[in-house]
Amino acid sequence: MNSIKLDAHAKINLTLDVTGKLDNGYHTVRMVMQSVGLHDNVTVEKTDDGQITLTCDRPYVPTDGRNLAVRAANAFFAHTGLVCPGLRIDICKRIPVAAGLAGGSTDAAAVLRALDTLFETNLGLDTLCEIGLTLGADVPYCLRGGTMLAEGIGEVLSPLPAAPHCLVVLCKPAFAVSTAAVYAQIDDHMPDVRPDTAGMCQALAQGDYNGVCHRLYNVMEAVTAVRHAEIGQIKDILLSCGADGAAMSGSGPTTFGLFHDPNKAQMAFNRLKAIFPDTHLTEIL
Ligand code: ATP
């Protein structure tokens, strides 16, 4: 096999809480992560020119060593000691960028999975997660996917019962948010109300869709939504169209609503898309 094409799925946060800060400056978190159908297509092909080249259909995504997919390939070869014969990576980008949806991390995870198959290294998920963690705290989750409780800096993962199936309308307003900048401000803006993570886990265990929707909550909104009125505006539109719950994902600015009723989801999608072109109608995986 010389080439492999994988779907690299985005994630949303059903909850996000910040629980502390480590000496190295990283924050510890407790969050319920959920994969959604929206995905990039990542193609990895062996070549024989000794180079790692990357192409992407979005001009504003870096294609050099700053791209997490390239960094993932370098980390794979460093870990295995294999000599890279040459690689061509292509990313067809559908996930909004710098949006709180782990777009770069999921591309990196897809490259690690692809290389493990292409080079028949059989590293297994645990080792791939170790390599992934050197690239970013969300990469181990992206390797595993599904519904997970993520603790530590995001890398301590406990599987949760799958979330009840529903539609998701995701909307990214036309500005990017730096994850690092939002985390740098959260200590001074921590809200008094915190997510009911245990309640969310219980609702998932009981397949209680309404319980999940009522517990969507992200402490990062105290930083990002306070600065950007668009997030409140998107939530208002989602809820006025009949979303069963709505929240911001990650450090934002993407804001999403969950819907049981496809007609309401379509109405929310149509209304938001007219204002914010980077709006997507997808589903919980
Ligand atoms: P997270 O939720 O993990 O914080 P995010 O969704 O907020 O991630 P990304 O889409 O990963 O953010 O983009 C963050 C930055 O990473 C962008 O500014 C972009 O330049 C850079 N980047 C590097 N590799 C990629 C990639 N494969 N796809 C998208 N952005 C990438």
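Not measured: the values here are computed from a predicted model.

A. Looking closely at the site of the ligand. Around the ligand, 21 residues are found, and the nearest of them are Leu68, Gly103, Gly104, Asp107 and Thr179. For the shell around the ligand, the leading source of residues is helix 2 (residues 103-118), giving 4 residues. Looking at the shell around the ligand residue by residue, the class counts come to 10 nonpolar, 8 polar and 3 charged. If you count residues domain by domain, the shell around the ligand takes at least three from each of domain 1 (3-159) and domain 2 (167-283).

B. Region of the structure containing the domain arrangement of the protein. As far as domains go, the protein holds domain 1 (3-159) and domain 2 (167-283). Taking the mean C-alpha position of each, domain 1 and domain 2 sit 23 Å from one another. Listed per partner, the contact involves 23 residues of domain 1 and 34 residues of domain 2. Those elements giving two or more residues to the side of domain 1 that touches domain 2 turn out to be strand 1 (3-21), strand 2 (27-46) and strand 5 (147-151). Among the elements that make up the side of domain 1 that touches domain 2, the one with the highest residue count is strand 1 (8 residues). Taken together, the residues of the side of domain 1 that touches domain 2 sort by class into 14 nonpolar, 6 polar and 3 charged.

C. Highlighting the nonpolar core. Formed by 85 residues in total, the largest nonpolar core has its most connected members in Ala69, Ala72, Ala73, Ile89, Val111, Leu112 and Val169. If you tally residues by element for this core, the top one is strand 2, at 8 residues. Taken together, domain 1 (3-159) and domain 2 (167-283) each give at least three residues to this core, which thus spans both.

Reading the values: the criteria
- Residues numbered from 1 in each chain as written.
- Predicted model: local features only at pLDDT ≥ 70, side-chain atom pairs only at ≥ 80, totals over all residues.
- Near = placed C-beta within 6 Å.
- Helix = DSSP H or I, 4+ residues; strand = E, 2+ residues; numbered from the N terminus.
- Nonpolar A, V, L, I, M, F, W, Y, C, P; charged D, E, K, R; others polar.
- Domains from an automatic or database assignment.
- Contact = placed C-beta atoms within 7 Å.
- Core = buried A, V, L, I, M, F, W, Y, C linked by C-beta atoms within 7 Å.
- Buried ≥ 20, exposed ≤ 12 C-beta atoms within 10 Å, placed from the backbone.

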